[in-house]
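Structure at a glance
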Amino acid sequence: MNSFVHKTLVVELQAGDADRFPVLAHLSYDPRDPFAVTFVFSHDGRVLARWQLDREMVTDGLTRSVGSGDVRLRPESRGVGRELRMEFLGEAHADGGRHHAVVFAWAETVGDFLRETHRLVPPGREEVRVDDFLADVLAGS
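I will try to describe carefully the structure that is included in this document. Not measured: the values here are computed from a predicted model.

Focus: the nonpolar core
- In terms of nonpolar packing, the biggest core is built from 29 residues, with Val11, Val37, Phe39, Phe41, Val58, Leu73 and Met86 touching the most fellow members.
- Contributing elements (two or more residues each) for this core: β1 (5-15), β2 (19-29), β3 (36-43), α1 (55-61), β5 (71-78), β6 (81-92), β7 (98-106) and α2 (107-120).
- Examining the composition of this core, we find that five residues originate from one element, α2, more than from any other.
- Among all residues touching phenylalanine 39, those that are not within four sequence positions of it are His26, Leu27, Ala49, Arg50, Trp51, Leu53, Val58 and Met86.

As for the sheet that holds β1
- Judged by pairing direction, the sheet is antiparallel, and its seven strands sit side by side in the order β4-β3-β2-β1-β7-β6-β5 without closing on themselves. Each edge of the open sheet is held by one strand with a lone partner, namely β4 (46-54) and β5. Averaged over all pairs of adjacent strands, the angle between their axes in this sheet comes to 30 degrees, without regard to strand direction.
- Of the pairings in the sheet, the one linking β3 to β4 comprises eight bridges and is antiparallel in character. Counted as the bridge partner of serine 42 is valine 47 from β4.
- Strand contacts of α2: β1, β2, β3, β6 and β7, with the helix running at about 150 degrees to β1, the strand carrying the most contacts.

Cut-offs and rules
Residues numbered from 1 in each chain as written. Predicted model: local features only at pLDDT ≥ 70, side-chain atom pairs only at ≥ 80, totals over all residues. Heavy atoms only, no water. Core = buried A, V, L, I, M, F, W, Y, C linked by side-chain atoms within 4.5 Å. Buried < 20%, exposed > 50% of the residue type's maximum accessible area, 1.4 Å probe, protein only. Helix = DSSP H or I, 4+ residues; strand = E, 2+ residues; numbered from the N terminus. Contact = heavy atoms within 4.5 Å. Pairing = 2+ DSSP bridges. Axes fitted to C-alpha atoms, helices over the stretch in contact; angles between N-to-C directions.

Okay, structure coming up:
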């Protein structure tokens, strides 16, 4: 059985008000951290950002607006397809503003990835191994 889910897809990073350009998104899921999915965005071999998101939040973001802090997700229609709009707020600038990025991914592709994670660890069946976590912390890992 595959114990790790990974998918690479092309998404669009919005620059300014309207311009979009393609970047790679590497989505991964490790059942040892069953509540999280990781998104790594890269361009020309360089990592632009890495975000670890709540799996349930991403699932919900495919059908409704979610998030109120540094990450906000919502579905959007574009032509014949649906997109997942992901808005990320990052570290503060010297002028008091914050880094801000908007990424668009095809909702169907993200949904396919999430279905694979749900087959591996169904929602509601996640387990947190607190003893293992504490052992790692105490060991300094």
